[in-house]
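Residue-level structural notes
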Amino acid sequence: MNIDESMLDVYIYETQQLLEALENTLFEGESEKALGSDHINEIFRIMHTIKGASSMMEFEQLAKLAHALEDMFSHIREKGVPDGDWQGIFDVTFSAVSFFNGELAKLQDKSSADGDATDILNMVKAQLERLKKGSPAAVSGESESSAQENMEKLSDGAYMSVLLPGAEEPYYKLKLFFEEGCQMESIRALGVMESIKKACSRIAYIPENLDSDSASAEIVKNGFCVYLQTCENPDVIREIIETTLFLKTYSILPIEGDDEEIPASIRRANNQGDEARRGGNSESGAADNISNEFIAKQNFISVNVNKLDHLLNVVGEIVTAQSMVINNANFGDLDRSGFDAAAQQLHSLINELQDIVMSIRMMPMSTLFQKMRRLVREMAKKLGKNIHLEISGEETEVDKNVIDYLSDPLLHIIRNSVDHGIEDETVRAAAGKPARGKISLEAHTTGSDVIVTISDDGRGLQKEAILKKAQEKGLLTKPVEEMTDKEIFSLIFLPGFSTSSEVTEYSGRGVGMDVVRKNINQIGGSISLDSVEGKGTTHTIRIPLTLTIVDGMRFSVGKTSFIVPTVSVLSAVKPDPKDIITDPEGNEMIMLQGECYSLVRLKDFFNIEEGVTDINEGMCMHISSEDRDFCIFFDYLDGEYQVVVKPLPSYLQQCTSSLSGIGGCAILGDGSINLILDVNGL
Amino acid sequence: MAKIMIVDDAAFMRITIKNMLKKSSHEVVGEAETGKVAVERYKLLNPDIVTMDITMPEMDGITALKEIIKMDPSAKVIMVSAMGQEAMVREAVINGAKGFIVKPFKEEGIISAIDKLA
C-alpha cells in the first residue's frame, strides 16, 4: 500500500465524522420529507470526500459506493426529485451509511473491509434510474442539448487566435503524449492549449473536439497533436510545454505553411473566443453561489486517545512531583518566603493544567445519541411501529471512556423500549394514546455525575408478571406485600431473573438487564427504573463524569496502601470479635446490623506478610460489589482522597491471574504508590 | 526546494499529501481547509506551489484558484480532483491552474508534478 498505515486512523475518524454529519442531514430531511439544496450539496460534498479518501486507501467497494451516491445526489441537485418520492432516497442512503459504518467498524477492529457493496450499489443505481426516468423528458432533453451547444461553442471558438492579415509566421507541429494512467487527458490537452496559446498567433489541434467523450481515449492512443503558427522562437513553446504535468514525451517540428496536414480551421479567423469564455465564466459563477452555501463545520483536530491518556498520566505525575518538591523542600535557615509564593503559583497552574487535560478528554454525547437515533429508526421500520425519538442534552460532555462504556447499556435499554415498551398503533389507539410512540433520551450533568434518562410512553412494566417470575426463580428475599414498586422493578436487574422470551411476552422486559447494570456499575455508575403500567417506563442512569479521577478511601495492610472507590463503601466499622462467626469450612463471617456477611482478610487474600491478624486491632469495611455485599478486614483507615487512576504497568498486567482484586494504581501527593481495589475481583 | 501549501477540506487528504511530500525535497509551509482560508493564507505564506482540492465548503477550489490568480498571476496551483469532475477541472485549467492530479494518485505522481513546477 502506498499510504502509511497510520493514515488508516485518520481515514476512519474523518469518514465517521462525515457519515455522522450526513446522518444528521438525512434525519432532518426525513422529518421534512425532502432535502433543501444546501443539504443536497452537503451530502454531495461528503460523498465526494469519502470517495476520494477511500480510493486513496484502496478501499474499492467503499469508493464505488460513494461514487454511486455522489452521482445520485448530483442528479438530484440538477434535476430534483420529479415524483417527490424522497423516502426511497432516504432509505437507500441510510442503508449505504450503515454499510459504510459496518466497514469502518471492521477496519477499526484491524480486519479488512471485505464487505460486498454490490447489493447496495444496485439499490443506489436503481434509485438513480428511477430518478432519471421520472424526470420529464422534455426538460432533460432541452437542458442536455443546451449544454451540448455551450460546449460546442467553447471548443469551437475559444482557442483560435486571430491571424493578422499578411503575417507570414512559421508553422510548427507539436505532438505530445501524457503519462499512462494520469486520467482526463482531454483536459490536460486543454491545459496545454491554454498555456501556449498566448505565444501563438494561430493554433489548431487533433482531436478537434476535446469535450467529446472519446477525446481522452484518442489522446492516449494517438497522442495530442497541435498545429500552430508563431513568431516566437520554438524554445519559448518548449519551455511552456515542459511545465506540463504528467507529460511523457513531446516533439515540436517546423512544417511548411502549405502542408496539407494543417487543418483548414487554422486559417479561419474567429472572434467568438471572448464571448464563449464569458459564457463559461457566468456558468462557473452559478457554481460558486452554490458552493458558498456550504456550511463550514470543521473546527476540530483529531488526536489519538492514547496520546491523551499519556498526557493525563504525565500531568498526574507532575501533580505528584510538585507536591513532593513542595513538601520536602529543606531550606535549613534560608529565607523561603519567595519559594512559598512561587510554589503557590506553580500549584495553581498545575491545577489548571489538570483541568484542561481532563476537559480535552471530554466528548459530547451526541455521537452516542446519534447511534440511538439510527437504532430507533431501523427497529421501528422493521417492526412496523411509529416511534419518535426525542433527544435533548446531547451536548453534555463526558469522558471518552464513559461514552464507550455507556454505549451497550443504552442500546439495550432503547432496544427494549422499541421492541416491547411501545405498543403497536392499534393498541395505542385503543388505550387512548397518540398513534406515534415517543421515546425520550436526555442527558444532563449534576456536579460530578451525568444523569441519562431514557423514558418511553409505552405499556410500562407489569408488576404481577415480574413478581410471579421472581417467585418462580426464587429471587424474592422478603414478602411481596412489603415490597415497594421500586424494589419490585429492580428485581429485573438481578442476574438470575430471566433471559427467556417468556417475560417479554408479559412485561416486555427483563432481557439481560443484569448485564446492563453490571456494565454501568463497572464504571461506578448506578441505574434505577420507574414505571407506571400503561403509561410508560423511565430508566435513570447515573454515571461519573470521568473514570480517571476517583474518590477513594485509603487504608493499609502492613506496609501496603490500598484505595477503595468510595462508591463501593457502605460503611466502616471497628469489628467486635463477638460478631465474627466461623463456618465449618473455616470461612469467616461478620454480623453487621443483624445481617451476616463474609469477611475477606486482605492480608491473606494478597499474601501480605505484615499486617494485623487480631480482629481487635484492625478495621472492617462494608463493601458493595455488583453481585454481593461483603466485608474486608485491614489494619487501619487513612482517610479519603481524590486520586488519578493509572493502569498497572504492562509487565504487571501480563500476570493478571494473580492480580485479581487490583484495578489499577494511584500515586498520592506524598509519593506513595497505592493499589486500587477492584471490589468485584475479591 | 519549493514551499508548498496544501488545500483540502479533508484532513485525511492533507495528511496523506503531506506524508507523501516528506520523501521529496519540498517543504509544506501551510495548509488550508477551505478555499477562503487558502486565499488568506496564500497572501501570508506566499507559497511556491499550491495543491488545491476542488470540492470544499465555504469556498470551492475553483473560486479560490481564481482569487489567487487574481492576486498573483504567476501562482502555481495544482488541482487535486477526482474522477467525474471533468467539468470543474476544465474550468480550473482555463482559469490558470498549472495542472491537475486525479485521485487516487501515488506518491511518485504528486512528487513529479511538484518537481516539474518547482
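Residues numbered from 1 in each chain as written. Chains lettered and ligands numbered in written order. Predicted model: local features only at pLDDT ≥ 70, side-chain atom pairs only at ≥ 80, totals over all residues. Heavy atoms only, no water.

What follows deals with the overall build of chain A. A count of helical and extended segments in chain A gives 21 helices and 22 strands. Going through the 682 residues of chain A one by one, you find that 46% of them count as buried. A separation of at least 24 residues holds for 70% of the contacts in chain A among residues at least 6 apart in sequence. By element, 51% of the accessible surface of chain A is carried by carbon and sulfur atoms, the whole surface being about 34,000 Å². (Helix = DSSP H or I, 4+ residues; strand = E, 2+ residues; numbered from the N terminus. Buried < 20%, exposed > 50% of the residue type's maximum accessible area, 1.4 Å probe, protein only. Contact = heavy atoms within 4.5 Å. Areas by Shrake-Rupley, 256 points an atom, 1.4 Å probe, with all protein chains shown as cover.)

So, on to the environment of A:Val643. Residue position: A:Val643 is located in strand S20 (residues 636-644). Here the alpha-carbon distance between A:Val643 and A:Val550, two residues 93 residues apart in the chain, equals 5.4 Å.

This brings us to the interface of chain B and chain A. A common way to report how large an interface is uses the accessible area buried once the components associate. The partner chain A presents 45 residues to the 45 residues of chain B that form the contact. Between chain B and chain A, roughly 4,000 Å² of surface is buried when both sides are summed, and carbon and sulfur atoms account for 61% of that area. When the buried surface of chain B facing chain A is broken down by residue, B:Phe12, B:Arg90 and B:Phe100 rank first, second and third, together holding 20% of it. Between chain B and chain A we count two salt bridges in total. Applying the counting criterion to the chain B and chain A interface returns eight residue pairs in polar contact (both at pLDDT 80 or more). Of all the elements in the fold, those that place two or more residues in the side of chain B that touches chain A are helix H1 (11-22), helix H3 (61-71), strand S4 (76-82), helix H4 (86-94), strand S5 (99-103) and helix H5 (107-117) of chain B. Take the side of chain B that touches chain A: its biggest share by element is seven residues, from H1(B). Looking at side-chain class alone, the side of chain B that touches chain A contains 22 nonpolar, ten polar and 13 charged residues. (Buried area = accessible area lost by both parts, 1.4 Å probe. Salt bridge = Lys/Arg side-chain N within 4 Å of Asp/Glu carboxyl O. Polar contact = N/O pair within 3.5 Å; in protein donor to acceptor, adjacent residues only side chain to side chain. Nonpolar A, V, L, I, M, F, W, Y, C, P; charged D, E, K, R; others polar.)

Right, let's talk about the pattern of salt bridges for a bit. All names here are of chain A. Counted under the stated rule, the structure contains 28 salt bridges over all chains. Between Lys 578 and Asp 576 there is a salt bridge; the shortest N-O distance is 3.3 Å. Judged by its relative accessible area of 70%, Lys 578 falls in the exposed class. Taking the relative accessible area as the measure of exposure, Asp 576 reaches 29% and is therefore partly exposed. Shared partners join several salt bridges into a network, and the residues in it are Glu 30, Asp 91, Arg 377 and Lys 381.

Once that is clear, we can look at the packing of helix H7 (residues 185-196) of chain A against helix H9 (residues 234-242) of chain A. All names here are of chain A. Interaxial distance between H7 and H9 falls to 10 Å at its minimum, and their mutual angle equals 140 degrees. The angle between H7 and H9 places the two elements in the oblique class. Two packed elements cross with a definite hand, and for H7 against H9 that hand is right-handed. Mapping the contact onto sequence places Val 192, Ser 195 and Ile 196 in H7 and Ile 237, Ile 240 and Ile 241 in H9. Residues of the contact of H7 with H9, tallied by class, amount to five nonpolar, one polar and no charged. (Axes fitted to C-alpha atoms, helices over the stretch in contact; angles between N-to-C directions. Parallel < 35°, antiparallel > 145°, perpendicular 65-115°, else oblique. Left-handed = near helix turned anticlockwise from the far one by under 90°.)

A few words now on the side chain of B:Asn19. All names here are of chain B. With respect to the helices and strands, the residue Asn 19 is situated in helix H1. What makes Asn 19 buried here is its relative accessible area of 18%. A polar contact of 3.1 Å, which involves the side chain of Asn 19, links it to the side chain of Lys 22.

What follows is about the pairing of S4(B). All names here are of chain B. Extensive coverage of S4 is indicated by the burial of six of its seven residues. Across five bridges, strand S3 (residues 49-53) lies against S4 in parallel orientation. Opposite Ile 49, over in S4, you have Lys 76 as the bridge partner. Read from S3 through H3 to S4, the crossover connection turns out right-handed. In this structure, S4 lies alongside S5, joined through five bridges in parallel fashion. Counterpart to Ser 81 in the pairing with S5 is Val 102. (Pairing = 2+ DSSP bridges. Right-handed = clockwise from strand over helix to strand, strands pointing away.)

Right, let's talk about helix H8 (residues 215-222) of chain A for a bit. All names here are of chain A. Among all positions in H8, only Ala 215, Ser 216 and Ile 219 are buried. Projection of H8 onto a plane perpendicular to its axis shows the buried side chains occupying an angular sector of 100 degrees, all on one side. Looking at H8, the residues exposed on the side facing more than 90 degrees away from the buried face are Ala 217, Val 220 and Lys 221. Each element contacted by the buried residues of H8 is listed here: strand S1 (171-178), H7 and strand S3 (224-229). (Arc of directions from axis to C-beta.)

As a further point, take the confidence of the model for chain A. For any part of a model where pLDDT is low, the fine detail of the predicted coordinates should not be relied upon. Counting all residues, the mean pLDDT for chain A is 77, and 82% of those residues have values of 70 or more. Residue range residues 499-511 of chain A is modelled with pLDDT below 50. Its contacts to residues more than four positions away, or to other chains, number 30 contacts. (pLDDT = per-residue confidence, 0-100.)

Below, the discussion takes up a nonpolar patch on the surface. All names here are of chain A. A contiguous nonpolar surface patch, about 240 Å² in accessible area, is contributed by Leu 311, Ile 356 and Ile 360. Positionally, Ile 356 belongs in helix H12 (residues 337-360). Classification of Ile 356 as partly exposed rests on a relative accessible area of 43%. (Patch = residues over 30% accessible without salt bridge, like charges linked within 9 Å, V, L, I, M, F, W, Y side chains within 5 Å.)

Glancing now at the side chain of A:Ser216. All names here are of chain A. Here Ser 216 is to be found in helix H8. A distance of 3.4 Å separates a polar side-chain atom of Ser 216 from the backbone nitrogen of Glu 185. Setting aside chain neighbours within four positions, we find Ser 216 in contact with Met 184, Glu 185 and Ser 186.

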